[in-house]
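Single-letter residue listing:
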Amino acid sequence: MSQTTEAPPRRRGVPYIGSTLQYVRDPLTMMRTQYEGWGPVSDIDFIGKRWTVLLGPDACEAALRNADKAFASGDGWGYLVGPFFDRGLMLLDFDEHHRHRRIMQSAFTRDRLEGYTAALQPAVATGIAQWQPDPEFLAYPALKELTLDLAATVFMGGADLATADELDRVNQAFIDCVQSATALVRANIPGTRWGRAIRGRRLLEEFFGRHLAVKREMPGDDLFSVLCQLETEDGERFSDEDIVNHMIFLLMAAHDTSTITVSTVMQQLGQHPEWQQRCREEALALPENPTLADLDQLVAIDMVMKESLRIVPPVPVLARKTVKETEVLGHRIPADRLVAVMVHMSHHMPELWDDPERFDPERFADDRRDDKVHRYAWEPFGGGVHKCIGLFFAGAEVKTILVHLLRQFEWTVDPGYRVPMSYASLPYPKDGQPVRLVRR
């Protein structure tokens, strides 16, 4: 360790609560204030603990690349949501993470993705066809219902696995588990977020455990079946417990992140009709049921998706915990320190992006690629060994939804509308994201 390192400056606040409420109210403002006042590496009190905050692409890169293997993902997320997404891929580290990811990678090969994409097409078309035109249509809850139905189809093998009422209970269980992250009372007390999340986890374990034996005996092409059958050349397989843990995490990650991404796209296309028309022309040029290769050829829709992920990254902060003392940009971070890797701010830094609050999908055009100004300027899927294993599936799902949506509907959003986002968990619009929806 260099002798020139020093402890990060510490932002003092209300004990225990610290910067928690400021983050929940407006995370981007909180991050900018932190960065401008205390620099790219600093300490805060957050959700009952002292955290080291990393801001800007250089500081975030140090933790995500993790060259000296000092930052553990599982121990970081474990404090926030560990009891509820325990031993999901994001909560494993080092050799164990490598082993599980190597097995799971076989579920996300190109051939598998092509099969998942084919299964998405009729399910998306049918789901969107059921939407009813409305001048105050609430896009977010409609999209959340759709993505959960898609997860039931692609991840679990179809609606016959669960009734609509059961899927509603599963969805609520996921919501309760995710919202535990910013709970100030972290105990199993009835009526608290933490208490609801404990009950939600039990429901999810029972749900997946109940269907596991059937999937092992009569597998299909869905992800649940694939995980039950995967085996490496060395004979490594997932245990029943592994499969349940991975399914709970993957299903949460799949439908929550895709929902907010499409919701953001709908807002932006509703406020920028020229881009909506440009995307629609692309969608109409595709075959009725686009293949993965067809989706890969999309240009305008791809740029709009990436710009929406820049504006509202579905996971604005990545949690880590140091397993040994380390150094970031000249600051000494002790072992056993919780670390917040705040990638959200990098997406909005004027040092990296021209007029960062403006919707400008051309940033991602081949002749610009503003995201390449720094390797970690744009990281909606994280980075390093923990980069999202399902990022290509997520892209295919979002594009599929947009293609069918653009074919069936037109919509507008007031140009002055500013979405009231909640950051009590993963971001979502508190007002449900109203749009003026018209069938084409």
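Here, every reference points to the structure presented above.
Reference entry: report on the structure contained in this document. Bear in mind the structure is a predicted one, so any value in this text is a computation, not a measurement.

Scoring rules and cut-offs
- Residues numbered from 1 in each chain as written.
- Predicted model: local features only at pLDDT ≥ 70, side-chain atom pairs only at ≥ 80, totals over all residues.
- Heavy atoms only, no water.
- Helix = DSSP H or I, 4+ residues; strand = E, 2+ residues; numbered from the N terminus.
- Rg over C-alpha atoms; globule rule 2.2 N^0.38 Å.
- Buried < 20%, exposed > 50% of the residue type's maximum accessible area, 1.4 Å probe, protein only.
- Contact = heavy atoms within 4.5 Å.
- Lys, Arg positive; Asp, Glu negative; His and termini not counted.
- Charge placed at Lys NZ, Arg CZ, Asp CG, Glu CD.
- Patch = residues over 30% accessible without salt bridge, like charges linked within 9 Å, V, L, I, M, F, W, Y side chains within 5 Å.
- Areas by Shrake-Rupley, 256 points an atom, 1.4 Å probe, with all protein chains shown as cover.
- Salt bridge = Lys/Arg side-chain N within 4 Å of Asp/Glu carboxyl O.
- Expected span 1.5 Å × (residues − 1).
- Bend = angle between axes of the 7 residues up to and from the residue.
- Pairing = 2+ DSSP bridges.
- Axes fitted to C-alpha atoms, helices over the stretch in contact; angles between N-to-C directions.
- Core = buried A, V, L, I, M, F, W, Y, C linked by side-chain atoms within 4.5 Å.
- Polar contact = N/O pair within 3.5 Å; in protein donor to acceptor, adjacent residues only side chain to side chain.
- Phe/Tyr/Trp six-rings, centres within 6.5 Å; stacked < 30°, edge-to-face > 60°.
- Lys NZ or Arg CZ within 6 Å of the ring centre and 35° of its normal.

**What about the overall build of the protein chain?**
1) Next: Per the secondary structure count, the protein chain includes 16 helices and twelve strands.
2) Next: Against the compact-globule benchmark of 22 Å for 440 residues, the protein chain has a radius of gyration of 21 Å, which places it among compact chains.
3) Next: In terms of its C-alpha atoms, the protein chain occupies a principal-axis envelope of roughly 65 × 50 × 45 Å.
4) Next: Within the protein chain, buried positions represent 59% of all 440 residues.
5) Next: Expressed as a percentage of contacts within the protein chain between residues at least 6 apart in sequence, the contacts between residues at least 24 apart total 73%.
6) Next: Of note, the protein chain has its 50 positive side-chain charges centred 5 Å away from the centre of its 63 negative side-chain charges.

**Concerning a negative patch on the surface**
1) Next: A contiguous patch of negative charge, built from E145, D149, D165 and D168, is present on the exposed surface.
2) Next: Of all the secondary-structure elements, those providing two or more residues to the negative patch are α7 (139-154) and α8 (164-178).

**So, helix α6 (residues 110-129)**
1) Next: Helix length check: α6 (20 residues) gives 29 Å between terminal C-alpha atoms against 28 Å at 1.5 Å per residue, within 8%.
2) Next: L120 marks where α6 bends most, by close to 25 degrees; the proline P122 follows one to four residues later.
3) Next: Listed as buried for α6 are L113, Y116, T117, L120, Q121, V124, G127 and I128.
4) Next: Check the buried side of α6 and you find it contacts α7, α10 (223-229), α13 (292-296), α16 (391-408) and β9 (409-412).

**Some points on the sheet that holds β9**
1) Next: One open sheet holds the three strands; their spatial order is β4-β12-β9, and the pairing between them is antiparallel. Each having just a single partner strand, β4 (134-138) and β9 make up the two edges of the open sheet. On average, each strand axis in the sheet is inclined to that of its neighbour by 45 degrees, with strand direction left out of account.
2) Next: Pairing between β9 and strand β12 (residues 434-439): four bridges, direction antiparallel. Counted as the bridge partner of T412 is R436 from β12.

**Overview of the environment of H404**
1) Next: Structurally, H404 is set in helix α16.
2) Next: By relative accessible area, which is 4% here, H404 ends up buried.
3) Next: A C-alpha to C-alpha distance of 33 Å links H404 and L203, two positions 201 residues apart in sequence.
4) Next: In contact with H404, other than residues within four places in its own chain, are Q121, V124, A125, I128, E288 and P290.

**Regarding the nonpolar core**
1) Next: Counting 139 residues, the largest nonpolar core has F85, W131, F155, F208 and L227 as the members making the most contacts within it.
2) Next: The element contributing the most residues to this core is helix α11 (residues 240-271), with 14 residues.
3) Next: Excluding its chain neighbours within four sequence positions, the residues that come into contact with F85 are L91, F174, C177, V178, R201, I248, F249 and M252.

**Observations concerning the pattern of salt bridges**
1) Next: The full count for this structure, using the stated rule, is 26 salt bridges.
2) Next: The residue R201 makes a salt bridge to E205 at a minimum N-O spacing of 2.8 Å. On the criterion of helical spacing, the pair formed by R201 and E205 is a turn pair, its members being four residues apart in helix α9 (residues 193-217).
3) Next: On the accessibility criterion, R201 (6% relative accessible area) is buried.
4) Next: Notably, a salt bridge pairs D371 with R369, separated by 2.7 Å at the nearest N-O pair.
5) Next: Here the residues in one salt-bridge network are D354, D355, R358, D360, R368 and D370, joined through shared partners.

**Overview of the side chain of K144**
1) Next: Note on placement: K144 falls in helix α7.
2) Next: In this structure the side chain of K144 is engaged in a polar contact, spanning 3.1 Å, whose partner is the side chain of D256.
3) Next: In contact with K144, other than residues within four places in its own chain, are N171, I175, H255, D256 and T259.

**Some words on the sheet that holds strand β8 (residues 338-342)**
1) Next: In spatial order, the strands read β1-β2-β8-β5-β3; together these five strands make up an open sheet with mixed pairing. Each edge of the open sheet is held by one strand with a lone partner, namely β1 (41-46) and β3 (71-72).
2) Next: Judged from the five bridges that link them, strand β2 (residues 49-55) and β8 form a sheet pairing that is parallel. Along β8, the bridge assignment pairs V53 with A340.
3) Next: Helix α2 (residues 27-38) rests against β1, β2 and β8 of the sheet, and its axis sits at about 130 degrees to β1.

**Details of the packing of aromatic side chains**
1) Next: Scanning all chains against the criterion turns up 14 aromatic pairs.
2) Next: Ring centres of Y23 and F46 lie 5.6 Å apart, and the angle between their planes is 80 degrees; this geometry places the pair in the edge-to-face category. With Y23 in helix α1 (residues 20-25) and F46 in strand β1, the pair connects residues that are 23 residues apart, well separated along the chain. Each member of the pair, Y23 together with F46, is buried.
3) Next: With 5.9 Å between their ring centres and 85 degrees between their planes, F46 and W51 make a pair best called edge-to-face. The same class applies to F46 and to W51, which are both buried.
4) Next: Here the aromatic cluster, defined as three or more aromatic residues joined through ring pairs, consists of Y23, F46, W51, Y79 and Y423.
5) Next: One cation-aromatic arrangement involves R186 over Y79; the distance from NZ or CZ to the ring centre is 4.6 Å.

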